[in-house]
Amino acid sequence: MEQKSSQFRLYSHPDKLLVSHLERVGSLSRDIILKKKLSIGEFIDIEILSDIIYFIGATHDFGKASKYFQEYLLEKDPIKKIKLKSCHETRHGLLSAIFTYYITKTYLENISKDKDEYYSILPIISFLVVKRHHGNIGNSLKEINELHEILTDKNLITIITSQINSIDEDEIKNILDKLLHYNLNDFSKFKKDYVEIMKEIDSEFMELLKIQKKQMLFYYFLTLLLYSILIDSDKNDAIGASPVVRENIRKGVVDEFKINKFHKNINLVDNIRNEIYKEVNQKIEKMDLEDKIYLLNVPTGTGKTLTSFSFAVKLKNKIQSEKGYNPRIIYSLPFLSIIDQNYSVIEEIISTQYENISSNTLLKHHHLSEIFYKTSEEEYESNKSLFLVEGWNSEIVITSFIQFFHGIISNKNRSLRKFHNIANSIVILDEIQTIPHKYWKLLNESLKFFSKYYNTYFIIVTATAPLIFDLQKNEIKNLLENHEKYYKQLNRIKLNLNLEKEVNFEEFKNIVLDDILTRNDKSFLIVLNTINSSKELFNFLKMNTNGSSDDYYYLSSNIIPLDRLDRIRKIKTDNKRKIIVSTQVIEAGVDIDIDIIYRDLAPLDSINQVAGRCNRNFSSNEKGEVNVYIIKDEKNDRLFYNYIYEGFLINKTLETLKGKKIIEEQDFFKLINDYFLSVKESSSEQISREILENLYKLEFKETGNFKLIENDYEKIDIFIEINEDAKKIWDEYTEILEIKDPILKKNKFLKIKKSFNDYIISISKNKADDVIFNDRMGYVPLSRLDYKYDLETGYKSEYSPLII
């Protein structure tokens, strides 16, 4: 604990002096922004912006100087402490924000910038950032309206007055003398004029209306940059995290790995992989670093992971050499199964350079990942590990689309802390076609802003390139001179379309069964649109194949993650004949190779993705088959695709496939392009435009309308106590729930979070009435496992189709 002195006696945290905290947060904030290479000179001078962020950091906890907060902070009695915390006078966010506004406004007046177009908004942005630095950032106009209500309520004004009058003037003068310059350390002036300052903030309503009319993303992304830097610096100092130095990656590390790993049994697919890899990586020497959005559009199974990662590593080294900064590599994917798969590949690559891979070199982050962080010098405790993991403090980050896209379009404190670490990065967006078309316009505008102003490079990786960016308008640069030729060279599979009429589910089950029994040397994958139909088919096939020696696998989100990932690993290494029944969880990126696939009708890009699991490595001289049917749920007189897919995308798929019976793989490229062109021409940009309007208006809370995963029903997490290991984890969890200290409780849970989540499934809440544990959690104990959970097909519920 820092000791008081004659000058400084106020604390920001139980073990930290207020002056030290403010000084460090201000300095950390300024250091972060000065290390960034931002191209925002047409709007704001970076030196002035670095002063602004310093002032934000150095004043963000000004309100903690009140005697009310100090009494609360130093109170030892837990009951009295809770009572003090609930007092309005104890809260410090609003008072701090008002003071920050005053300081930044005065600073800009002193340098004659307070009337300039892009600078005049900085004080109100500073106010918004500080006011909500302990929570989620709110809508700008609502925050001003709340201040207006305070100004018209004598009781509320009295609270602010009491807080200011309770501050020790001598000590706050000492603090401000130490922290501030530019004639900004006059607390007595602030104390005299604070009501007028609040009225001035209230009048900023008109300034906000002006910027709304400009329809610019600059103000939104600038606010998030300042907010992200503040909350990251604040948490950094509060927990005492030591600086982490990212480890560099050798330029040729992927080349060396590839030479050592792949040099035998070369076939046509291997030749195409090598050709793509060579063409893309040779571009790096002559490429113009002013181009920042790239497309790698190649067929499934042609080495996208190695090629894109190798290109990113070489691009990183080129930027270091020519631009003078070190971008981190962020590899983002849509599904957990392929995140883990790609992480393993990249870990294997990096192990050729580092024998022991530390978290500051390679990091995996998604909602189920382990909260653990270590370097070669230190293994961090849970709260510091959480800080470093969620802040993406690593050279290479493997993460989910949810983590990435909600890290730039959100109002959530926890999501946005890493925002500033996305700036100046190289981002690989793999399987980009999984992004709903209604967000294409939003992502187009957002990623173009990041690339132009925040010097972020994007590598868009896909086998079915959606038209998010326009090649003809040079919005994106193709890494291949003629990517269509690679599609033409491959003819591994054929698509058999059975779309003339609907097929009842009972009939479909027998079609699949007959084929499995007839072609008993082939492996099969059947992908259905609902959990219940997939479970029913799996049980039907097992029961009617007379206990054959074939290996049967079932995959869906109805089984716990631990088993799901284990089954995918087994499928990849199993050399026996395989019969796999799955929902869409298996579609994109999962590296398996199957002879024959059956697929319930889905959007064409989904059909193409599952086709990528068929004869993937050209291991069979015969063509693989993908058989597509329109399957009807006769029990409910409804088509299964209607349970989960938009009618618009299904209609576009049927239009594109109209009149076709068999499609060869070499024709897929044109087919997919026709499909996406039709989607783009016919789809509405309304949702994207509405969200963009919210961004222009600094209506941060409305970013909640951006949802990559849509749920039409309320879900609940269920812990499945599948074995004794799970029982031990659940017992530990219930013990943690009894801990009164919230910080200790959080740190204890972080230690078991990864293992705990391994046994969690999410289901519709109306299917969990008999397993509810509390408001947020369900629980199936080991003693009831037989009644509520099948070890092969997962959670047992009454008939009602569930999406993946």
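Bear in mind the structure is a predicted one, so any value in this text is a computation, not a measurement.

Tallying secondary structure elements over the protein chain gives 32 helices and 23 strands in all. For 804 residues, the compact-globule estimate of 2.2 N^0.38 gives 28 Å, and the protein chain sits close to it at 29 Å. When the 804 residues of the protein chain are sorted by exposure, 59% land in the buried category. Long-range contacts, defined as pairs at least 24 residues apart, comprise 80% of the intrachain contacts of the protein chain with a sequence gap of at least 6. With the model as given, the accessible surface of the protein chain reaches about 33500 Å², and the carbon-plus-sulfur share is 47%. A gap of 1 Å separates the mean positions of the 114 positive and 121 negative side-chain charges of the protein chain.

This next bit is on the layout of surface pockets. Its volume calculated, the second largest pocket comes out at about 870 Å³. I32, K35, V244, R246 and N421 are the residues nearest the centre of the second largest pocket, which is lined by 27 residues in total. If you list the elements that add at least two residues to the lining of the second largest pocket, you get α1 (18-35), α12 (218-239), α17 (382-390) and α20 (419-422). Per element, the largest residue contribution to the lining of the second largest pocket is five residues, and it comes from α1. The residue makeup of the lining of the second largest pocket, split by class, is eleven nonpolar, nine polar and seven charged.

How big an interface is tends to be stated in terms of the accessible area lost upon association of its parts. By domain assignment, the protein chain separates into domain 1 (13-239), domain 2 (253-484), domain 3 (491-660) and domain 4 (715-795). Here the C-alpha centre of domain 4 lies 31 Å away from the C-alpha centre of domain 3. At the junction of the two partners, domain 3 supplies 13 residues and domain 4 supplies 13 residues. Regarding the contact of domain 3 and domain 4, the summed buried area is about 1100 Å², with carbon and sulfur atoms giving 48% of it.

Our next topic: the packing of aromatic side chains. As enumerated under the stated definition, the model contains 54 aromatic pairs in all. Relative to F190, the ring of F62 has its centre 5.8 Å away and its plane inclined at 85 degrees; by these criteria the two rings are edge-to-face. Of this pair, F62 sits in the loop between α2 (46-59) and α3 (67-74) while F190 is found in helix α10 (residues 187-203), placing the two residues 128 residues apart along the sequence. With relative accessibility at 2%, the residue F62 sits in the buried group. Sitting above the plane of the Y343 ring, K364 keeps its charged end 4.8 Å from the centroid. Lying across the ring of F540, K509 places its NZ or CZ 4.8 Å from the centre.

Moving on to the sheet that holds strand β18 (residues 715-720). Pairing is mixed in the open sheet, where four strands are placed in the order β19-β18-β21-β20. Edge positions in the sheet fall to β19 (760-764) and β20 (772-774), since each of these pairs with one other strand and no more. Within the sheet, the average angular offset between the axes of one strand and its neighbour, ignoring direction, is 40 degrees. For β18 and strand β21 (residues 777-780), the ladder comprises four bridges, and the chain directions are parallel. In the sheet register, F719 faces β21, and the bridge partner there is Y779. Relative to the sheet, helix α30 (residues 724-737) contacts β18, β20 and β21, its axis offset from that of β20 by approximately 35 degrees.

As a further point, take the packing of helix α7 (residues 140-151) against helix α11 (residues 205-213). Where α7 meets α11, the closest approach of the two axes is 10 Å, and the angle between their N-to-C directions is 170 degrees. Here α7 is positioned roughly antiparallel relative to α11, judged by the angle of their axes. On the side of α7, the interface is formed by S140, L141, I144 and N145, while α11 contributes F205, L208, L209 and Q212. Counted by class, the contact of α7 with α11 contains five nonpolar, three polar and no charged residues.

On to the UniProt feature "coiled-coil region" (unreviewed entry) in the protein chain, then. Under the feature "coiled-coil region" (unreviewed entry), the UniProt entry names residues 469-500. Along residues 469-500 the backbone is 19% helical and 31% strand, and the end-to-end C-alpha distance reaches 34 Å.

This next bit is on the nonpolar core. Counting residues in hydrophobic clusters, the biggest one holds 262 residues, and the most contacted among them are F190, F404, F405, Y454, F508, I526 and L541. It is α12 that contributes the most residues to this core, twelve residues altogether. In contact with F405, other than residues within four places in its own chain, are L429, I432, I435, L443, F706 and L708.

Assignment of secondary structure puts K154 in helix α8 (residues 154-165). C-alpha of K154 to C-alpha of F405: the two residues are 251 residues apart in sequence and 43 Å apart in space.

Moving on to the pairing of strand β11 (residues 524-527). With burial as the criterion, each face of β11 is covered, one bearing F524 and I526 and the other bearing L525 and V527. Bridge analysis of β11 against strand β14 (residues 596-600) gives four bridges, and the strand direction is parallel. Looking at β14, one finds that F524 is bridged to I596.

Here we take up empty space enclosed by the protein. Taking a probe equal in size to a water molecule and rolling it over the atoms shows the remaining empty space. Enumeration over the complete set of coordinates arrives at three cavities of 30 Å³ or more. Considered as a void within the structure, the largest cavity measures approximately 120 Å³ in volume. Lining the largest cavity are 14 residues, and of these T300, R492, N608, E665 and F668 lie nearest its centre. For the lining of the largest cavity, the elements supplying multiple residues, two or more each, are α26 (604-611) and α28 (668-682).

Right, let's talk about the side chain of N421 for a bit. Structurally, N421 is set in helix α20. By relative accessible area, which is 6% here, N421 ends up buried. Among residues more than four places away in sequence, those in contact with N421 are K36, R328, I330, G391, W392 and N393.

Over its twelve residues, α8 runs 16 Å from end to end, which matches the ideal 16 Å to within 8%, given 1.5 Å per residue. The set of residues buried in α8 consists of I157, I159, I160, Q163 and I164. An end-on view of α8 places all buried positions within 150 degrees of arc, on one side of the element. Turned more than 90 degrees from where α8 packs its buried face, K154 and N155 sit exposed. In this fold, the buried residues of α8 make contact with α3, α5 (93-110), α7 and α10. Where α8 begins, the capping side chain belongs to D153, and its oxygen is found 2.9 Å from the backbone nitrogen of N155.

On the secondary structure map, T223 appears in helix α12. Once residues lying within four places of it in the same chain are set aside, the contact partners of T223 are I125, V129, I137, L698 and F700.

Rules used throughout
Residues numbered from 1 in each chain as written. Predicted model: local features only at pLDDT ≥ 70, side-chain atom pairs only at ≥ 80, totals over all residues. Heavy atoms only, no water. Helix = DSSP H or I, 4+ residues; strand = E, 2+ residues; numbered from the N terminus. Rg over C-alpha atoms; globule rule 2.2 N^0.38 Å. Buried < 20%, exposed > 50% of the residue type's maximum accessible area, 1.4 Å probe, protein only. Contact = heavy atoms within 4.5 Å. Areas by Shrake-Rupley, 256 points an atom, 1.4 Å probe, with all protein chains shown as cover. Lys, Arg positive; Asp, Glu negative; His and termini not counted. Charge placed at Lys NZ, Arg CZ, Asp CG, Glu CD. 1 Å grid on protein atoms, 1.4 Å probe; cavity = no way out; pocket = protein on both sides within 12 Å on 5 of 7 lines; lining within 4 Å. Points joined across faces, edges and corners; volume = space filled by probe spheres on them. Nonpolar A, V, L, I, M, F, W, Y, C, P; charged D, E, K, R; others polar. Domains from an automatic or database assignment. Buried area = accessible area lost by both parts, 1.4 Å probe. Phe/Tyr/Trp six-rings, centres within 6.5 Å; stacked < 30°, edge-to-face > 60°. Lys NZ or Arg CZ within 6 Å of the ring centre and 35° of its normal. Pairing = 2+ DSSP bridges. Axes fitted to C-alpha atoms, helices over the stretch in contact; angles between N-to-C directions. Parallel < 35°, antiparallel > 145°, perpendicular 65-115°, else oblique. UniProt positions renumbered as here; feature names shortened; annotations may be inferred. Core = buried A, V, L, I, M, F, W, Y, C linked by side-chain atoms within 4.5 Å. Expected span 1.5 Å × (residues − 1). Arc of directions from axis to C-beta. Polar contact = N/O pair within 3.5 Å; in protein donor to acceptor, adjacent residues only side chain to side chain.

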